[in-house]
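Analysis of the macromolecular model
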Amino acid sequence: LFMSNTPVRKPIEIKISTVVAVAAILHDASMPVLQEAMAQMTGGAADYFDDEFAILDIGQLPHNHPAIDWPALIGLFRSHRLTPVAVRNAPAALEAEIIAHGLSLDVVAKPRMAARAEAEAAPAPAPAPAAPQPAIQQATRGTMIIDTPVRAGQRIYARGCDLIVTAAVNNGAEVIADGSIHIYAQLHGRALAGASGNADARIFALSLTPELVSIAGVYRTFDDGFPPELARQPAQIRLVGDRIDILSLSPAARA
């Protein structure tokens, strides 16, 4: 009986993969208003977005908002090179309608919202002696450490924790963390901190010439080059309001 040592190749393999998507938070459901807002945001630039996936967050819509025109809404974002893939904070009454238009439901956010609602509805416990509050949010615990270069086409995601990289992040590479990102080398690729919405997360690097940086979904690209006064020196990136702020960590600059 002949036994082959050739491994059987499966027609399909399913593996867990991290997909980064921008969040589009809607405050209005009127299509003319949204069309005007997108035109102003992009300045008419056809390449303002780069075919990213988008999650449509409808949790901020007023209760009396008009019916959502899903085909028109999806078409609007696609016309600006954003591909809607899911809806966040959708009421139960809209779930079937959303699925019928080919969108998924952002189920990750729902348990957090439910837990928050239960906590608010629960009776307050008896007062306890005050204790010092930690300066760091407990949402991000632990650290992932990467000791090898992150090369073009690679993506590293530190889920629920900080990320430390002790080697270079090359052009075309992407590092993501729900907490802060610390790069003890050169950052040439993309770095996205606070990926789960932590606006207090930061990005630190010994040398900065990145393609893109993001904090809690607010991002900044450097198509015209990184600020020369901050390039290739230690710096930190943080979120101030809706603005990405870059600060030098060089001793001379801080003196």
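Residues numbered from 1 in each chain as written. Predicted model: local features only at pLDDT ≥ 70, side-chain atom pairs only at ≥ 80, totals over all residues. Heavy atoms only, no water.

This next bit is on the overall build of the chain. Counting secondary structure elements, the chain contains five helices and 15 strands. In the chain, which comprises 255 residues, the share counted as buried stands at 36%. Restricting to contacts in the chain with at least 6 residues of sequence separation, those with at least 24 account for 36%. For the chain, the exposed surface amounts to about 16000 Å²; the carbon and sulfur share of it is 55%. (Helix = DSSP H or I, 4+ residues; strand = E, 2+ residues; numbered from the N terminus. Buried < 20%, exposed > 50% of the residue type's maximum accessible area, 1.4 Å probe, protein only. Contact = heavy atoms within 4.5 Å. Areas by Shrake-Rupley, 256 points an atom, 1.4 Å probe, with all protein chains shown as cover.)

Right, let's talk about the sheet that holds strand β10 (residues 190-193) for a bit. Across a sheet, paired strands are connected by hydrogen bonds in the backbone, their directions being either parallel or antiparallel. Reading across the sheet, the five strands line up as β6-β8-β10-β12-β13 and stay open at both edges, with mixed pairing between neighbours. One side of each edge strand has no neighbouring strand; the edge strands of this open sheet are β6 (155-158) and β13 (218-221). Mean inter-strand twist for the sheet, computed between neighbouring axes without regard to direction, equals 10°. (Pairing = 2+ DSSP bridges. Axes fitted to C-alpha atoms, helices over the stretch in contact; angles between N-to-C directions.)

Let us now look at the pattern of salt bridges. Tallying each qualifying case throughout the model produces five salt bridges. We note a salt bridge from Asp245 to Arg238, for which the minimum N-O separation is 3.4 Å. What you see here is one network of salt bridges that share partners, running through Arg155, Glu174 and Arg190. (Salt bridge = Lys/Arg side-chain N within 4 Å of Asp/Glu carboxyl O.)

Time to look at helix α1 (residues 31-42). For α1, with 12 residues, the first-to-last C-alpha span of 16 Å sits near the 16 Å given by 1.5 Å per residue. Buried residues of α1: Met31, Leu34, Met38 and Thr42, and no others. Take α1 and look down its axis: the buried residues cluster within an arc of 60°, on one side only. Along α1, exposed side chains directed more than 90 degrees from the buried face belong to Pro32 and Gln40. In this fold, the buried residues of α1 make contact with α2 (70-79) and β3 (82-88). (Expected span 1.5 Å × (residues − 1). Arc of directions from axis to C-beta.)

What follows covers the confidence of the model for the chain. Mean pLDDT over the chain works out to 80, with 78% of the residues at or above the 70 mark. When pLDDT is averaged over each helix and strand of the chain, the minimum, 36, is found for helix α4 (residues 109-121) and the maximum, 96, for strand β9 (residues 181-187). (pLDDT = per-residue confidence, 0-100.)

With mixed pairing, six strands are arranged side by side in an open sheet as β5-β7-β9-β11-β14-β15. Two strands bound the open sheet, and with one partner strand each, they are β5 (143-146) and β15 (243-248). The average angle at which neighbouring strand axes cross in this sheet is 25°, direction not considered. Where β5 lies against strand β7 (residues 162-165), four bridges are found, and the strand directions are parallel. Each residue of the ladder has a partner; that of Thr143, found in β7, is Asp162.

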